[in-house]
Amino acid sequence: SGVGEEPPICLIDPVSLDFGTVTVGDFADQTFTITNTGGGTLSGSVSESCADYKIISGGGDYNLVAGQSVIVTVRFLPTVAGFQACTIETGTADCIDISCSGVGEEPPTCLVDQASLDFGTVTVGDSADQTFTITNIGGGILAGTVSESCAEYIIISGGGTYALGADQSLVVTIRFAPPASGTHLCTVSSGSTDCADVSCTGVGEDPPTCLVDPVSLDFGTVTVGDFADLTFTITNTGGGMLAGTVSESCAEYSLISGAGAYSLGAGQSVTVTVRFAPTLAGSQVCSVETGTALCVDVSCSGVGEDPPTCLVDPASLDFGTVTVGDLSLIH
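Here we summarise the structure given alongside this text. (Residues numbered from 1 in each chain as written. Predicted model: local features only at pLDDT ≥ 70, side-chain atom pairs only at ≥ 80, totals over all residues. Heavy atoms only, no water.)

## Thoughts on the pattern of salt bridges
Taken as a whole, this structure holds 3 salt bridges when the rule is applied. Between Arg-275 and Asp-229 there is a salt bridge, and its shortest N-O distance comes to 2.8 Å. Of this pair, Arg-275 sits in strand E25 (residues 269-276) while Asp-229 sits in strand E21 (residues 228-236); the two residues are 46 residues apart in sequence, bridging distant segments of the chain. Taking relative accessible area as the criterion, Asp-229 reaches 34% and is therefore assigned partly exposed. (Salt bridge = Lys/Arg side-chain N within 4 Å of Asp/Glu carboxyl O. Helix = DSSP H or I, 4+ residues; strand = E, 2+ residues; numbered from the N terminus. Buried < 20%, exposed > 50% of the residue type's maximum accessible area, 1.4 Å probe, protein only.)

## Looking at the packing of aromatic side chains
Counting across every chain of the model gives 9 aromatic pairs. Between Tyr-153 and Phe-176, the ring centres sit 4.9 Å apart and the planes meet at 25°, which makes this aromatic pair stacked. Here Tyr-153 is found in strand E14 (residues 153-157), whereas its partner Phe-176 is found in strand E16 (residues 169-176), with 23 residues between them in sequence. Overall, Phe-176 belongs to the buried group, its relative accessible area being 0%. Considering the side-chain rings of Phe-219 and Tyr-253, the 5.7 Å spacing of their centres and the 65° angle between planes classify their relative orientation as edge-to-face. You can see Phe-219 sitting in strand E20 (residues 216-223) and its partner Tyr-253 sitting in strand E23 (residues 253-257), a full 34 residues away along the chain. Each member of the pair Phe-219 and Tyr-253 is classed as buried. (Phe/Tyr/Trp six-rings, centres within 6.5 Å; stacked < 30°, edge-to-face > 60°.)

## Considering the nonpolar core
Counting 24 residues, the largest nonpolar core has Phe-132, Ile-134 and Ile-174 as the members making the most contacts within it. Sort the elements by how many residues they give to this core and E16 lands first, with 4 residues. Setting aside residues no more than four positions away along its own chain, Ile-174 makes contact with Leu-117, Phe-119, Ala-128, Asp-129, Gln-130, Phe-132, Tyr-153, Ile-154, Ile-155, Val-188 and Cys-200. (Core = buried A, V, L, I, M, F, W, Y, C linked by side-chain atoms within 4.5 Å. Contact = heavy atoms within 4.5 Å.)

## A closer look at the sheet that holds strand E12 (residues 128-136)
Pairing is antiparallel in the open sheet, where 4 strands are placed in the order E10-E12-E16-E14. Each of the sheet's edge strands pairs with one partner strand only, and the pair in question is strand E10 (110-112) and E14. The sheet shows a mean angle of 25° between the axes of neighbouring strands, taken without regard to direction. Across 3 bridges, E10 lies against E12 in antiparallel orientation. If you follow Cys-110 over to E12, its bridge partner there is Asn-136. (Pairing = 2+ DSSP bridges. Axes fitted to C-alpha atoms, helices over the stretch in contact; angles between N-to-C directions.)

Shape descriptors only; they carry no functional weight alone.
In structure tokens:
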């Protein structure tokens, strides 16, 4: 007596493994199944001899009776960049070998071109913008989230999440808008352990405030052909820079000193000397312009009067002939 049985039939599913692109230092796993779809016993040994591939489970000898299977897990862990192939041997002529392919790519490498941003001095109520760039000079995908939580700074563009492929860059624009005077610091987070954060510093200063003293000049009465000088002072009683140009366009007035452009830091002053030199009699007014909306203009007033004129009448006296000892008077 005897029993006939079907010979073993090997089914490999799938017959190839494509691991796609994997970062160097990382890995990816895929599986295939060996099944005996016939009879008898399907025997073999799963093995490989590839530097960038490794059998994680299901390797070694197998003996599969009808309907039995073995699941083999293969790991692709590239050590260098580039295309990598491997053949997983099933160890029996009944089964085809398994072809594996994958691409290793360099890991992302982050370059932040500015480690710090110095915004200098900015007037309160004004703002200044600066930028820095995040670049992936490696491979793979460089991912993170640009963020900050500082009252004096705001991300104008380039904020939020990013995912940069090889050689891709992100430009981030930061605005410093101080609400108060003093030094203000901030750290802008790159949101990735691969990238350094960016430190920001800036100084807020109070805006300029103008004091004009006095705001009007009264030259009183000045003789035609003569002159009188008076002065006023422009002072920056705030911060920043107070700038303008002192000028006038009046025939009877002129600027002796302090005319032209000025630029005054906090506490600085300029003294302007105005001369009234009337060429005709009568009231004369003038406005000396300070050249900035922050400062009031200075009003000038004066009166020109004609010079005194002497009349002698008569111009000569003739006493005639007078006896010695007499007295003669002519009025």
